[in-house]
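# Observations on the three-dimensional arrangement
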Amino acid sequence: MAAAGAFSLREVLDAFRGCVTERREGLLEPCLSGWWGLIRFLQSLGAVFGFISKDAVAKVQIMERHRRGEQGQHYESLQSMVEFELSRGPAELRGRPDSGCRTVLRLHRALLWLQLFLEGLRTGHRDSRTSTICTDSYNASLAKHHPWVVRKAATLAFCALPSRDAFLEVMNVGPPEQAVDMLGEAIPYIQSVYGITQELFAQHSLLDLP
Ligand code: 1PZ
């Protein structure tokens, strides 16, 4: 549907390259622009993924409101955000459905899915089924945080994914071999964003924010 051909997944994954500074700080702005790109890509895959992109949009918008709000300076990095939101007290933070920490945690968990999924695509065989790669990645990551009905809907939507080669094609990076090379370059950047977030949230016991 729609925007296939309009942009390349390389640009999107490139955004994640700029998320981690030399001092291992996580910068919010480049992450959010990476997320917008992923959302646009997901939307180009068709309406069956609408309920997933809707939730992702809502979460990225919450983060943008924080970033552009009066306290925006505290939302430049993940580290400053955690420090700021924790300074009001952990109980207060746990009670807030729109906190930056809770919202980032949801996106962070989805990033693990993305990492596993892209790695599965990269190392898969020509005739591997994208839906199987996607389901396996989902079961190994996000699924444990989702209720049954969400798991069911997600797993159904995955059946609509095209074959591996067709999927590599819609990424718009060139022939499949080139797309595979690009994934090999890009995945470490996503791993690095995932890694620093995991470390930061574990340090502050934020990995189970309701
Ligand atoms: C290429 C195929 C795309 C598959 C995407 C795999 C992710 C499946 C996620 C299913 C999410 C279903 C909708 C709503 C879920 C929310 O309940 C949860 C928890 O949030 P809460 O309810 O606690 O506020 N939301 C999430 O787990 C965040 C999901 C973000 C998904 C982003 C997908 C990015 C896709 C990139 C495509 C290359």
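Residues numbered from 1 in each chain as written. Predicted model: local features only at pLDDT ≥ 70, side-chain atom pairs only at ≥ 80, totals over all residues. Heavy atoms only, no water.

Looking at an unreviewed UniProt entry, one finds the protein chain named Ceramide-1-phosphate transfer protein and attributed to Lepidothrix coronata. Heading Sequence similarities (unreviewed entry) of the UniProt record for the protein chain holds this comment: "Belongs to the GLTP family." (UniProt positions renumbered as here; feature names shortened; annotations may be inferred.)

Time to look at the overall build of the protein chain. Tallying secondary structure elements over the protein chain gives 10 helices and zero strands in all. Listing each helix as α and each strand as β along the protein chain from the N terminus yields α-α-α-α-α-α-α-α-α-α. Here the C-alpha radius of gyration of the protein chain, 17 Å, is about what a compact globule of 210 residues would show, namely 17 Å. Taken along the three principal axes of its C-alpha coordinates, the protein chain extends 50 × 40 × 30 Å. When each of the 210 residues of the protein chain is scored for burial, the buried share is 46%. Taking the intrachain contacts of the protein chain between residues at least 6 apart in sequence as the baseline, contacts between residues at least 24 apart amount to 68%. For the protein chain, the exposed area adds up to about 10600 Å²; of that, 54% sits on carbon and sulfur atoms. With 23 positive and 23 negative side-chain charges, the protein chain shows a separation of 7 Å between the mean positions of the two kinds. (Helix = DSSP H or I, 4+ residues; strand = E, 2+ residues; numbered from the N terminus. Rg over C-alpha atoms; globule rule 2.2 N^0.38 Å. Buried < 20%, exposed > 50% of the residue type's maximum accessible area, 1.4 Å probe, protein only. Contact = heavy atoms within 4.5 Å. Areas by Shrake-Rupley, 256 points an atom, 1.4 Å probe, with all protein chains shown as cover. Lys, Arg positive; Asp, Glu negative; His and termini not counted. Charge placed at Lys NZ, Arg CZ, Asp CG, Glu CD.)

Our next topic: the site of the ligand. Among the 17 residues in the neighbourhood of the ligand, the closest are listed as Asp 55, Lys 59, Arg 102, Arg 106 and His 146. One of the side-chain N or O atoms of Lys 59 is found 2.9 Å from an oxygen atom in the ligand. Within the contact set of the ligand, an oxygen atom lies 2.8 Å away from a side-chain nitrogen or oxygen of His 146. Against a free-state accessible area of 850 Å², the protein chains account for coverage of 88% of the ligand. Applying the majority rule of atoms within 2 Å of the grid points places the ligand in the largest pocket. Elements that contribute at least two residues to the shell around the ligand include exactly helix H2 (28–44), helix H3 (50–68), helix H6 (100–123) and helix H8 (148–158). Residues that form the shell around the ligand fall into these classes: 12 nonpolar, one polar and four charged. (Near = heavy atom within 4 Å. Polar contact = N/O pair within 3.5 Å; in protein donor to acceptor, adjacent residues only side chain to side chain. 1 Å grid on protein atoms, 1.4 Å probe; cavity = no way out; pocket = protein on both sides within 12 Å on 5 of 7 lines; lining within 4 Å. Sits in = over half its atoms within 2 Å of the grid points. Nonpolar A, V, L, I, M, F, W, Y, C, P; charged D, E, K, R; others polar.)

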